[in-house]
Amino acid sequence: MKKNSLFIILLILIFSFSSLYAVEIKFKGLVQNWFSYAQDNSNDYSFGFTARRVRLKVVTKFSKKVVGVIQGSWDKQTTGLIDAYLDLKFKPELNLRFGKFTVPASVSTSLTSSGKLDFVERSMFVLQWAKLNGLAGFRTFGVQLSGKLYDKKIYYAFMIGNPETALLFTPSVKSSTYSGQKDIFAGGRIEIFPADGFRVGSYATQSKITTTDIKNTTYGAHLFYVKNGINFKLEFMRGEKNFLSLEKIQKYSGFFLKLGYKISKKVESLVRYDVFTPNDGGFDRFGVKKYNNYTAGINYFFCKHVKFQVNYVIRKENMEEGFTKLNNDIFYVNIQYSF
């Protein structure tokens with residue numbers, strides 16, 4: 001209820017400002033309805049429908065250099081505030097962003113919008129990365145400097161913010177004393193655009209949470225080529241979750257290799273191989289040492305605003321001795337429309 005109220009109040013404020021200052025407002029929306037069919041460990045299967053994503057984004061242009069964004073959601077029938085930030089665009093080489101937004105890390109996080117995903121889901125290691133770092137939808141609260149240099153051939157971004165999205169520090173004059181976190185998230189990425197269609201980049205992040213005595217460190221890189229119907233993407237990531245008081249370190253890693261080709265203006269076929277190692281030198285609670293996912297997909301672009309996606313994921317795990325092999329292949333259908 002509180003999240004619903006907050007979103008409504010923010011919308012009212014936007015309309016109030018628009019009437020006072022005649023600002024430009026644009027509404028953007030996204031709906032993704034899924035049908036899924038999946039194996040389970042009882043040697044049976046399950047299937048069903050869900051409204052995976054329902055999004056409404058309000059982009060308010062106060063001037064050429066000041067833009068505010070608010071995005072609310074009803075994902076999996078749960079309301080939430082996805083984005084709430086203000087962009088101050090001083091010049092192409094220097095921009096300031098403040099609020100809640102995607103951290104500058106893997107380009108395959110929500111730096112690639114959900115409506116433009118090549119497959120129904122992001123790769124496993126990308127999804128696990130956010131969870132292991134305490135981020136909500138790859139986002140946290142903070143401030144970011146970014147810009148494009150050398151005739152827009154180089155992009156950089158650096159952010160400092162909350163080490164976990166849920167860790168909020170809200171001192172108030174109504175209180176006599178205050179308590180909160182003493183640490184920050186720091187992350188940055190750099191991208192180079194050497195030729196039309198090419199993107200090459202890397203990132204690094206670090207955060208520490210004093211209350212739980214956990215330090216997170218990650219880094220990664222990517223190479224993309226998307227042009228003339230060809231869709232080639234390669235990305236890897238490594239991370240370390242250091243439980244300082246326990247003197248225990250969980251190291252994890254992952255990568256994906258993706259290749260797609262547009263058969264026509266409306267049809268694209270794709271394949272992807274992605275790997276996630278949850279605990280280098282060990283295994284997770286399911287006894288898995290390494291996840292190997294093989295995905296085949298077809299995208300059909302019915303029109304500018306409607307897209308159909310069909311994916312089948314063959315999942316093969318390297319198991320620790322003594323654990324039962326998992327049955328977890330997935331078949332997805334995504335019906336997406338946007339405006």
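In this report, the structure presented in the accompanying data block is examined.

Cut-off values and rules
Residues numbered from 1 in each chain as written. Predicted model: local features only at pLDDT ≥ 70, side-chain atom pairs only at ≥ 80, totals over all residues. Heavy atoms only, no water. Helix = DSSP H or I, 4+ residues; strand = E, 2+ residues; numbered from the N terminus. Rg over C-alpha atoms; globule rule 2.2 N^0.38 Å. Buried < 20%, exposed > 50% of the residue type's maximum accessible area, 1.4 Å probe, protein only. Contact = heavy atoms within 4.5 Å. Core = buried A, V, L, I, M, F, W, Y, C linked by side-chain atoms within 4.5 Å. Salt bridge = Lys/Arg side-chain N within 4 Å of Asp/Glu carboxyl O. Phe/Tyr/Trp six-rings, centres within 6.5 Å; stacked < 30°, edge-to-face > 60°. Lys NZ or Arg CZ within 6 Å of the ring centre and 35° of its normal. Pairing = 2+ DSSP bridges.

When helices and strands are counted, the protein shows two helices and 16 strands. The C-alpha radius of gyration computed for the protein amounts to 21 Å, which stays within 12% of the reference 20 Å derived for 339 residues, consistent with globular compactness. With the C-alpha coordinates of the protein rotated into their principal frame, the extents come out at 60 × 55 × 45 Å. Burial analysis of the protein (339 residues in total) assigns 41% to the buried set. A sequence separation of at least 24 residues applies to 51% of the contacts in the protein between residues at least 6 apart.

By size, the foremost hydrophobic cluster in this structure holds 28 residues, and its most contacted members are Val 103, Phe 125, Trp 129, Met 237, Tyr 252 and Phe 276. Secondary structure elements with two or more residues in this core: β3 (66-75), α2 (124-132), β12 (248-262) and β14 (288-303). Here the element with the most residues in this core is α2; it accounts for six residues. Non-local contacts of Tyr 252, meaning those with residues more than four positions away in its chain, are made with Trp 129, Leu 132, Asn 133, Thr 218, Met 237, Arg 238, Gly 239, Glu 240, Lys 241, Phe 276, Thr 277 and Pro 278. Within the second largest apolar cluster, five residues are counted, among which are Trp 34, Val 120, Val 313 and Ile 330.

Counted under the stated rule, the structure contains eleven salt bridges. For the salt bridge of Lys 258 with Asp 118, the shortest nitrogen-to-oxygen distance reads 3.1 Å. With Lys 258 in strand β12 and Asp 118 in the loop between β5 (94-102) and α2, this residue pair connects regions lying 140 residues apart in the sequence. Here Arg 189 ties to Glu 191 by a salt bridge, and the two come within 2.6 Å at their closest N and O atoms. Using a relative accessible area of 10% as the deciding quantity, one classes Arg 189 as buried.

This part takes up the packing of aromatic side chains. Tallying each qualifying case throughout the model produces 17 aromatic pairs. With centroids separated by 5.4 Å and ring planes inclined at 65°, the aromatic side chains of Trp 34 and Tyr 332 adopt a geometry described as edge-to-face. Taken as a pair, Trp 34 in strand β1 (residues 24-39) and Tyr 332 in strand β16 (residues 330-338) lie far apart in primary sequence, 298 residues in all. Across this residue pair, the class does not change: Trp 34 and Tyr 332 are buried. An aromatic cluster is defined as three or more aromatic residues linked by ring pairs; in this entry it consists of Phe 35, Tyr 37, Tyr 45, Phe 47 and Phe 49. Its end group placed over the ring of Tyr 85, Arg 97 keeps NZ or CZ at 4.0 Å from the ring centre. A cation over an aromatic ring shows up here: Arg 97 above the ring of Phe 101, its NZ or CZ 5.7 Å from the ring centre.

For the rest of this paragraph, the subject is the environment of Asp 151. By secondary structure assignment, the location of Asp 151 is in the loop between β6 (139-149) and β7 (154-161). For Asp 151, a relative accessible area of 71% translates into the label exposed. Residues Asp 151 and Trp 74 lie 77 residues apart in sequence; the distance between their C-alpha atoms is 40 Å.

This part takes up the pairing of strand β8 (residues 185-192). Going residue by residue along β8, you find Phe 185, Gly 187, Arg 189 and Glu 191 tucked away on one face and Ala 186, Gly 188, Ile 190 and Ile 192 left uncovered on the opposite face. Bridge count for β7 against β8 is eight bridges, and the pairing is antiparallel. Among the inter-strand pairings, Phe 158 is bridged to a residue of β8, identified as Gly 188. Of the strand pairs in this sheet, β8 and strand β9 (residues 198-209) are connected by eight bridges, and their pairing is antiparallel. Within β9, the residue paired with Ile 192 across the bridge is Val 200. Taking the residues that link successive antiparallel strands as the turn, the β8-β9 hairpin has five residues, and the phi of Gly 197 there is positive, at about 95°.

Turning our attention to the environment of Val 66. For Val 66, the location among the structural elements is in strand β3. Exposure remark for Val 66: the relative accessible area of 24% places this residue in the partly exposed category. Residues in contact with Val 66, not counting those within four places in the same chain, are Thr 60, Lys 61, Leu 86, Asp 87 and Leu 88.

This part covers the side chain of Asn 293. For Asn 293, the position within the fold is in strand β14. Judged by its relative accessible area of 4%, Asn 293 is buried. The contacts of Asn 293, once residues within four sequence positions are left out, are Met 124, Arg 272, Tyr 273, Asp 274, Val 313, Ile 314 and Arg 315.

Time to look at the pairing of strand β2 (residues 45-63). Pairing between β1 and β2: 16 bridges, direction antiparallel. Residue pairing across strands places Leu 30 opposite Arg 55, the latter belonging to β2. Between β1 and β2, which pair antiparallel in sequence order, lie five residues; one of them, Asn 43, sits at a positive phi of approximately 60°. Taken together, the eight bridges between β2 and β3 define a ladder with antiparallel strand orientation. Bridge pairing links Arg 55 to Ser 73 in β3. Linking β2 to β3, which pair antiparallel, is a turn of two residues.

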